[in-house]
Structure formats: structure tokens, C-alpha cells
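Topology and contacts: notes
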Amino acid sequence: MSRRALWPLVVSFALTVAGWAERTEASGATAHERTLPNGLKVLVKEDRRAPTVVHLIAYRAGSVDEVNGRTGVAHALEHMMFKGTRTVPSGEFSRRVAAMGGRENAFTTRDYTGYFQQIPSARLSEVMALEADRMTNLVLSAEAFATEREVVIEERRLRTEDRARSRVYEQLMALALTASPYRQPVIGWMSDLQSMTVADLEDWYRTWYAPGNATLVVVGDVSAPEVFALAERHYGTIAPRGLPARKPQDEPPQNGIRSAVVKAPAETAYLLMAYRVPQLARIDGAIEPFALEMLSEVLAGDENGRFTRELVRRQRVADSAGAGYGLTGRGPGLFTLSGVPAAGRSVAELQQALREQIARVAAEGVDERELERIRIGYVASRVYQRDSLMSQAMELAGLEMAGFSHADADRLLERVRAVTSDDVKAVAARYFGDDALTVVTLDPQPLSGARQAPRGFSGRH
Amino acid sequence: MFLSSVHSLWRLLRAGLVLGAGLVALPALAVLPIESWTTASGARVLFVRADAIPMLDLQIDFDAGGRLVAPERLGLASMVNAMLAKGAGELDEAAIAERFALTGAGRGGGAGDDSASVSLRSLTSEPQLSRAVELLALLLAKPTFPQPVLEREKARVIASLRESATRPETLVRRNFGALLYGEHPYGRHADPETVAAIGRDDLVRFHAAHYSARRAVISMIGAVTRERAAAIAEELTRGLPEGTDSPPLAPLPSAPGRAERRIEHPASQSHVLVGQRGIARGDPDFFALTVGNYVLGGGGFVSRLYGEVREKRGLVYSVSSYFSPQIQAGPFVIGLQTRKDQADQALGVVREVLERFVREGPTTEELAAAKSNLIGGFALRIDSNGKILAQLSAIGFYGLPLDWLERWTDRVAAVTLEDIRAAFQRHIRPEAMVTVVVGAPPAGASAR
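Because the structure is predicted, anything quoted here is derived from the model rather than measured.

What counts and how
Residues numbered from 1 in each chain as written. Chains lettered and ligands numbered in written order. Predicted model: local features only at pLDDT ≥ 70, side-chain atom pairs only at ≥ 80, totals over all residues. Heavy atoms only, no water. Helix = DSSP H or I, 4+ residues; strand = E, 2+ residues; numbered from the N terminus. Rg over C-alpha atoms; globule rule 2.2 N^0.38 Å. Buried < 20%, exposed > 50% of the residue type's maximum accessible area, 1.4 Å probe, protein only. Contact = heavy atoms within 4.5 Å. Lys, Arg positive; Asp, Glu negative; His and termini not counted. Charge placed at Lys NZ, Arg CZ, Asp CG, Glu CD. Salt bridge = Lys/Arg side-chain N within 4 Å of Asp/Glu carboxyl O. Polar contact = N/O pair within 3.5 Å; in protein donor to acceptor, adjacent residues only side chain to side chain. Nonpolar A, V, L, I, M, F, W, Y, C, P; charged D, E, K, R; others polar. Pairing = 2+ DSSP bridges. Axes fitted to C-alpha atoms, helices over the stretch in contact; angles between N-to-C directions. Core = buried A, V, L, I, M, F, W, Y, C linked by side-chain atoms within 4.5 Å. pLDDT = per-residue confidence, 0-100. Expected span 1.5 Å × (residues − 1). Arc of directions from axis to C-beta. Phe/Tyr/Trp six-rings, centres within 6.5 Å; stacked < 30°, edge-to-face > 60°. Lys NZ or Arg CZ within 6 Å of the ring centre and 35° of its normal.

1. Describing the overall build of chain B
- Scanning chain B from N- to C-terminus turns up 16 helices and 13 strands.
- In terms of C-alpha radius of gyration, chain B reaches 23 Å, essentially the compact-globule figure of 22 Å for 448 residues.
- Projected onto its principal axes, the C-alpha coordinates of chain B cover approximately 60 × 60 × 35 Å.
- For chain B, the proportion of its 448 residues judged to be buried stands at 59%.
- Summarising the internal contacts of chain B: among those between residues at least 6 apart in sequence, 81% fall at separations of at least 24.
- Measuring between centres, the 50 positive side-chain charges of chain B sit 2 Å from its 48 negative side-chain charges.

2. Topic: the interface of chain B and chain A
- In this assembly, 72 residues from chain B lie in contact with 66 residues from chain A.
- When the shortest N-O distance is used, the salt bridge between Arg121(B) and Asp387(A) registers 3.0 Å.
- Our count for the contact surface shared by chain B and chain A stands at 27 residue pairs in polar contact (both at pLDDT 80 or more).
- Of the residues assigned to the side of chain B that touches chain A, the class counts are 31 nonpolar, 21 polar and 20 charged.

3. Topic: the pairing of strand E3 (residues 52–59) of chain A
All names here are of chain A.
- Across the eight residues that make up E3, a large majority, eight, are buried.
- Residues Thr52, Val54, Leu56 and Ala58 of E3 are buried on one face, and the alternating residues Val53, His55, Ile57 and Tyr59, pointing to the opposite face, are buried as well.
- Summarising the sheet, E3 and strand E5 (residues 113–120) pair through eight bridges and their orientation is antiparallel. The partner of Ala58 across the bridge, within E5, is Gly114.
- In this sheet, strand E6 (residues 214–220) lies alongside E3 in antiparallel orientation, the contact comprising seven bridges. Counterpart to His55 in the pairing with E6 is Val218.

4. Considerations on the sheet that holds strand E10 (residues 269–277) of chain B
Residue and element names in this part refer to chain B.
- In space, the five strands of this open sheet follow the order E9-E13-E10-E12-E11, with mixed pairing throughout. Edge positions in the open sheet fall to strand E9 (259–263) and strand E11 (319–323), since each of these has one partner strand only. Here the strands of the sheet are splayed against their neighbours by 10 degrees on average, with no regard to which way each runs.
- Direction of pairing for E11 relative to strand E12 (residues 331–339): antiparallel, over a ladder of five bridges. Residue pairing in the sheet places Phe323 in a bridge with Phe332 of E12.
- Packed onto the sheet, helix H6 (residues 168–181) meets E9, E10, E12 and strand E13 (434–438) and runs at close to 25 degrees relative to E10.
- Against the sheet, helix H10 (residues 286–298) makes contact with E11 and E12, and its axis sits at roughly 165 degrees relative to E11, the strand it touches most.

5. As for the side chain of Gln357(A)
- Mapping Gln357(A) onto the fold places it in helix H12 (residues 347–364).
- Leaving out residues up to four positions away in the same chain, Gln357(A) has contacts with Leu299(A), Arg306(A), Phe307(A), Glu310(A), Leu311(A) and Gln315(A).

6. Re the environment of Glu183(B)
All names here are of chain B.
- Its place among the elements puts Glu183 in the loop between H6 and helix H7 (192–196).
- Under the relative-accessibility criterion, Glu183 is labelled exposed at 70%.
- For the pair Glu183 and Leu252, spaced 69 residues apart in sequence, the C-alpha separation works out to 9.1 Å.

7. Remarks on the nonpolar core
- Ranked by size, the top nonpolar core spans 57 residues in total, and within it Val291(B), Leu296(B), Phe332(B), Leu354(B), Trp404(B), Phe424(B) and Ile428(B) carry the most contacts.
- Counting residues in hydrophobic clusters, the runner-up holds 56 residues, among them Val45(B), Ala116(B), Val133(B) and Ile232(B).

8. Quick word on the pattern of salt bridges
- Evaluated as defined, the whole model comprises 69 salt bridges over all chains.
- A salt bridge links Arg339(B) to Asp341(B); the nearest nitrogen and oxygen atoms lie 2.8 Å apart.
- The class of Asp341(B) is exposed, set by a relative accessible area of 53%.
- Note that Glu360(B) is salt-bridged to Arg359(B), the shortest N-O span being 3.6 Å.
- According to the relative accessible area criterion, Glu360(B) is partly exposed, its value standing at 33%.
- Exposure remark for Arg359(B): the relative accessible area of 51% places this residue in the exposed category.
- One network of salt bridges, in which partners are shared, links Asp47(A), Arg49(A), Asp387(A), Asp57(B) and Arg121(B).

9. Quick notes on the confidence of the model for chain B
All names here are of chain B.
- With 91% of its residues at a pLDDT of 70 or more, chain B shows a mean pLDDT of 92.
- In the model, residues 1–31 has pLDDT below 50 throughout and makes 72 contacts with residues more than four positions away in sequence or in other chains.
- Per-residue pLDDT stays below 50 along residues 443–448; that stretch engages in seven contacts with residues further than four places along the chain or on separate chains.
- The ipTM assigned to the predicted complex is 0.91, against a pTM of 0.91.

10. Some thoughts on unusual backbone geometry
- The step from Glu126(B) to Pro127(B) runs through a cis peptide bond, and the omega angle for that step is 10 degrees.
- Structurally, Pro127(B) is set in the loop between strand E7 (116–123) and helix H4 (128–141).
- In this model, Gln249(A) sits at a positive phi of 45 degrees, which is unusual for a non-glycine residue.
- Note on placement: Gln249(A) falls in the loop between helix H9 (224–235) and strand E7 (258–265).
- Classification of Gln249(A) as partly exposed rests on a relative accessible area of 34%.

11. Overview of the sheet that holds E7(B)
Residue and element names in this part refer to chain B.
- Strand order in the open sheet formed by six strands is E1-E2-E8-E3-E7-E6, with mixed pairing between adjacent strands. The sheet is open, and its two edges are formed by strand E1 (35–38) and strand E6 (106–111), each paired on a single side. With strand direction ignored, the average angle separating the axes of adjacent strands in the sheet is 15 degrees.
- Across the face of the sheet, helix H2 (residues 76–83) comes into contact with E6 and E7 while running at roughly 165 degrees to E6.
- Helix H14 (residues 385–397) rests against strand E2 (44–49), strand E3 (55–62), E7 and strand E8 (216–222) of the sheet, and its axis sits at about 155 degrees to E8.

12. Observations regarding the pairing of E5(A)
Residues and elements named next belong to chain A.
- Judged by how many residues are buried, E5 sits mostly within the fold: eight of eight residues are covered.
- Sheet analysis places strand E4 (residues 103–108) next to E5, joined by six bridges and oriented antiparallel. By the bridge assignment for E5, Phe107 is matched with Gly114.

13. Side note on helix H9 (residues 226–237) of chain B
Residue and element names in this part refer to chain B.
- End to end, H9 covers 17 Å across 12 residues, agreeing with the expected 16 Å (1.5 Å per residue, within 8%).
- Listed in full, the buried residues belonging to H9 are Ala229, Ile232, Ala233, Leu236 and Thr237. Seen from one end, H9 has its buried residues packed into an arc of 115 degrees, which puts them on one side.
- Each element contacted by the buried residues of H9 is listed here: E1, E2, E3, H4 and E8.

14. Notes on the confidence of the model for chain A
Residue and element names in this part refer to chain A.
- Per-chain confidence: chain A averages 91 in pLDDT, with 91% of residues scoring 70 or above.
- Within the model, the stretch residues 1–27 combines pLDDT values under 50 with 29 contacts to residues more than four positions away or in other chains.
- Within the model, pLDDT remains below 50 along residues 450–461, and this stretch shows 25 contacts once partners closer than five positions in the same chain are excluded.

15. Quick word on the side chain of Arg415(A)
- Structurally, Arg415(A) is set in helix H15 (residues 409–417).
- Although buried, Arg415(A) forms no salt bridge, and the nearest oppositely charged side chain, Asp284(A), lies 4.9 Å from it.

16. Focus on the packing of aromatic side chains
- All chains considered together, the criterion is met by 25 aromatic pairs over all chains.
- Summarising the aromatic geometry, the rings of Trp37(B) and Phe47(B) are spaced 6.2 Å apart at their centres and angled 65 degrees between planes, so their arrangement reads as edge-to-face. Note that Trp37(B) is positioned in strand E1 and Phe47(B) in strand E2, a separation of 10 residues in sequence. Across the pair, Phe47(B) and Trp37(B) agree in class, each one buried.
- Through successive ring pairs, a cluster of aromatic residues spans Phe286(B), Phe287(B), Phe378(B), Trp404(B) and Trp408(B).
- Against the face of Phe82(A) rests Arg134(A), its NZ or CZ located 4.7 Å from the ring centre.
- Taking NZ or CZ as reference, Arg134(A) lies 3.6 Å from the ring centre of Phe93(A), over its face.

17. So, H15(A)
All names here are of chain A.
- Residues Ala409, Leu412, Leu413, Arg415 and Val416 constitute the buried set of H15. Down the axis of H15, the smallest arc covering the buried residues is 160 degrees, so these residues share one side.
- On its buried face, H15 sits against helix H10 (288–300), helix H13 (368–385) and helix H14 (389–401).

Have a look at this one:
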């Protein structure tokens, strides 16, 4: 290690120390935004509590952008992004980040792909140089991919094939949705992984890894003007590139209940249900998405949520039960209910009980006291979120990738807080009919003698 | 100008970082700003003031872990901990949950082999903080352990134990623990039968004996004054039971020799654990082993195991090694998952990498890279209140010196190639590893 490389570190420390006192009070700062001429959007949030920083770049390319036969390519490319560029050999990216004292990883979702490094703030310029380099100079070799494909297949086995409840989820998405690529698993179908080629990856990379398709988020012990200057230096030289038109791939309406059973080694049955519901289109649009968000909290947001209170504690029909709603996202909206039946109770009884809870809200609305409890929780968690640089960075990136602005976070919270009992009642009455419902149950199989189908599931439409 | 304590800590760390990198040695710039005292009731307190966010994190660690539970009642330590919030004073579980929620506070807890803990994250605004603390104090001092709730919770725990017993990751962990520790508490786990045997009296007795102030350590970080922190610590421990003295540690049985267990499972992957007993907290070899293990299998995407098993051969998604120091020697573990027919190949590579590492130790370049990461990245271990709380808790509960963090980077910097070789050779014997494979290869060894 070069000694010289340490000097910038020391200098930056001194600057930082001087800056602390007056910045201590600067809390919950808003992010600064700038878009470079090549289209890269840069967001910076200053948090000077410690001399560390999160550097995260998000590409608006997730599994929702994949086409049949090439599922899993977004995630496979994410793996290959660590395999070297024209000037940085395979594995060197990680070695350099590690040598900076950094931690790094990457992730792929239905909506986007993200790469992040947590590093001492003095090393920001160096990781930017590395990240900018792999935005355009990636080298994709067939040999390297032959090995990495096996890694990805092992990941699929670990996360999905051998996990009964993951398979239920995979089946649910594939059954609830027909036209939307949201139906595909992020990691990809096994057969698509096995037949994937370097050309598929090359296509993906050339199509989506462009500055105009990315948002850079930096949170930590930095100043916004410095970060903008660094971003200009490292990313600003990358040529802008056009993006292909994105097909809407709208999901047609659902006109009847759908159901499936998954058999897998397990002890206990499991129930997963999904209703087609609207998602947030505009922050200042209809109240419905916010009301659905509030409904999910009323049902299962905390220990006194109705599912736990009524189904786990009072009726003893469930050992656990949950509700989920993705307020934002690039694909169709689903409101999920899930649960594990208590000993001696069936999934049919549990399903009935879950439906009754929704019906009760639809008939009676909710108590003001319940809403108030949830509002308090939202506000408190906004404060607590400020303790983690990573979670602040993830929030900024997530909003941008879902098509909103990082600046919408507060307004979004305001609107959730403004939801009334009547709003919740209205969405519970409107969206939870059988015609928009998909139900998948786990039929547990004994460990001995269980034979899993190696690939392919019934119920794919 | 006001500098919060965390910021003074940073100044100090800067000195450590530069020292660690081998440049001019600077004198320590500040004392470590962990304030420590003992409450009137006898609980030890570790406190760091951090004013940037209007919140307080606190955790109480009790010497009330699974090690204290009779073999026929395993699961009791966790059950006592979980039941604290299921009834206290005049309040039932719904009222407790409601009151916490109305303050905006989050509550956590759990029990391990060594300790049981209760944690709270609250806003520092009033009356929220006072109410949250008052409520937590009530839970700790006056749990009612209502019988019907206990029966329900037992049923839920039993169902979840049955479910997890079908999963390869659970089976491999349990069998590994049993081979490594035998009947010692570190090798045991709760079963449906032992949970079914737990009675309300067991909970009452366990709480009265072990949830006492003199067997508690309170860690706190947040935007309160030391005076306020002291008052909170008093309030939380004032009503705790008198308790008994800490029971002696169970002697560790003699270390097992080479042992291997293969278990059939229908999953497509084998789950593999390889390891041995490692070290206890406070072991003088801790830093040599930490730096060495970074090279071997602890260092994320750059370790030897990662390189050989994943990067070169594509056998796994994840492979890593770690030491888990506890009151007594906790395990050293290498873990991986791979397609069944590759398990023996992966295992062969792991053994080869381990043997060579123990024999030769790291290279000069590897040692430099490890130090560069551990020292350069030390800031990332304590750059949030949540992370600092975890450090305070470990320092407090395991009785590490208060300058533990202050000296951490120096100690890493001082580790030599010979230290690592010697430490690994003292603690790790590749010829006597314990191996468990769940999901034995289809045509492989016989099952048991």
C-alpha cells in the first residue's frame, strides 16, 4: 500500500473535525439534487455524524424489464459486474474497496438494480472512479460467466428451490399476473439460467447501463458541492446514450379467482393470498393507495394489528398472519395476506378468518385510535431511520426508481397520515372481491420419501 | 463549541487509524467517551451521549441465558424473555403493546446461550421517553406470566420448532452443536418436548433468580444528558428481583476428535458445516484470529475460501468462516451450501484451504490487505447509534475493558504473520474437524 495514498485521508479528517460542531444540529437534512449533462441524476444527503459514506448507484433495470426466455438476466449481470473491466481485472473492484476499509454489495429487485459501497468518506472519489468505470467498460467473458452461472444457480437453489414458502411466493406471482413481467422471479427461472449466454448479458448491459438510466445516491460525511464536482469528474465524461422505448405490458383485468397448491417438504401448511389493487400513480392523486397502505398497517402493522389481536390471540386460528402492500413499484399492485394455521386448524379456516377481517373493515371502518397509533409509529420511524446511512440511501433510490422524486418522501408520509376511517373502509369494500383474488397454499410433505419436481410448476398461464 | 461524545470518539479513532497504517505514532487525543457507573441496585451502566438525532437506544443484558436452563426445560430462557411483554402489573399484553405503540417506541429482546436481553428505541421527546421507560421498568420488574398466554405461546413455539426441524439449515446447525459440545449448554437446543414441559412456576422462578440488577448491564446511547441516563438506569433496575448469585459455568467436556455426521434430506443442496471449538471472549489470541480469519473466510468477496470455492469453481453462492467468542469457547465455523453431488468436492476444497492456511498462515500481502480493511473500515463498525449500542453491550456484558474500541485498531495493526500462524496452530487442528453434511450425496455414505 502506498503511503502517499494516506495523505488525502488525513487532510480530509481535519476538515471534517472542523465541520462537526455547527452541523450537529443539521438533522434530517433534505437531499440535494443535480442532473449531469449526460443524464445521470445525482442525489446527495449530508449526514456528518461519522466519517463514513454510502455510495449507491441504481439502474432503472430490474426483472420487470426482462423478456421471456431471458428471465434472471438483470440479476446475472449484477453478478458479472464484479468480473472486471478493460483496466480493472476480475475481482479487483472488490479488492480495492476492501483495501479502503469498505464493505460493498449489490442487489436486484423487480424494479431496479443497485450497487453500493460503505466506505470511509475520504475514499469517495476512488469508489466513484471504479463504479463509473464499470458503467461502460465491463468485460463479459464466456469463461467467467460459465462459472458465475453455477453460482447463480446455487443461489436459486438456496433462496427458492429448497424453501417451501419461497416457492409458494414464486407460484403466487406467476399465477396472479399474466402479461406483466412482474410475474417472473427476480432470480429467473431455472431453465432460463441454464440457457443464458454472454450475449444475453451483453445485450442487457448495452441497453440499460447508461447514465440517463441511473441515479447516483451519496449519503454521509460529505458536502453536496464536493460530491457534485466529483460526480462530474468521474461520471460526467460518460457519453449519453438513448434508451429503448419501454413497453407498458399492462396486466389485463382479472375476472375470477385463481388458486394453486404447492407441495414441498415442510411441517406446517402456509397460505398466501393476493388481491389486485391500484398502486400509487401520483403523489397528489387519489387517496386510495394511501388508504390501502393504512389498511395493511391496521391489519398487521404491529403487535396489536387486527390479525395478531383477533386471529393469533383471540381466535387461535393462526400462529402468525401478515398483510403486505407495495405502495410504489413499476408493476401492477398486489395486496397480500399470509398466514400459518395454528395446530389443529386448516388453511380453509384461516383463509375464512382473514377474509372476515377485511369484511369487518369494509362494513365498520376502523377506530380513530387505531389510526392514531399507526400515525405515531410512522413519525417515530422517520426519526429512527436517520440513524442508518444505508436506509436513508435506499429510501432515496427506491423513490426515484419507482418513478417518484426523493423529495416526495415527506409528502407521501403526510398523505398516509391524512387517511381517514372512511377511506380505509372504502378500499376494503372495493378491492377485496373474489374475482381479483389469487390463493396459493403449501401442502406440506414429509421429509422422507419427498420427491420434488426438479423444474416447472403447474399453474403457469 | 459543543462536541458530542461520539464526535470526540471519532477524533480519537483518527489517531488510531493513522497509527494503524504505520505512519507517525500520535498520542491519544481523547479519553474514550464511554461513561460507566453502577446503579444503586447494582447494575453496571455504559453510556455514550449522541445528540444528533432526538432518540435514545438502550439495551439491558442479563446473565439469564440458555446456559442456566435444565436439560428437560430447554427453551425456558427464551420463553421468559418473550413473556415479559405478555402481562405486567395490571396490564395485559394488548394494553402493553398499545402503550408502547402510543409512545412511538420499539421494543426488542431475546435470549442466547450466555445472556438474555431487552432493548428499547425511543424518541427523547416528553412524555414519550418517560412513558416508554416506565413501561419497560414495569415489564422487567413485575411480569405476570399469565397461564393461558403461556399455553398459547408454547403451542406457537412448538409449531415453529417442528417447522424449523424440517429445514436443512436448522438440522445442520443443531447436529454441529451437538457434536462439538455434547451435553454442554452450547450443544443443546429446545425441542417440542422440552418446551411442552415448561410450567408457569418455571418462569416465575427463572425470572426471580436471574433478572436481577446485579446480573444486568445497561448500555445506552442517545440524546440525553448523563443525569437523565442515570435516572433512567435507576428506574429500570429499581424494582428488579433480588436474584441469586450467578451459577458457575458448566465445564466444557473434552474436545471431540475428528467427527463426521451425514444426514439425508430431500433438498437439492447439501448444507455443510465444518469446525471446531474456538475461543472465549477476552482470549489473548482474539486479534490474531480475527485478522487471520479475514484472510481465510471472513473477508467478504476477497477471502481465500470465497476465491477457491466460489470464484474459481462456482460451487456455492455463499461460503464463509467465523469465530464466535462467548463466555466459554464458542465455535469456529466454516459454512457453505452446494448442490448435493458437489458436496464432497466443496468439502475437499475447504479442507485443503484450511490445512494450508493453518500450516502456512497468510502471505505478507494478505496480511497488509486484511489490516487495511479492518483498520480503514473500523469507522463502519461504529457509525450509527445502533452499531455503537451493540459494541457497548458486548463490552459491558463480557467485561471487556472500556478502552476496547479505542485500542482496537492498534491491536489489529500489531498482529504479525507469526502471531496468526501461531494462534491458528494453537486453536485449530485441521485433522480433528467436526463435519456435518445435511442432504447427503445421493449415492454417498449411509444416513443416520
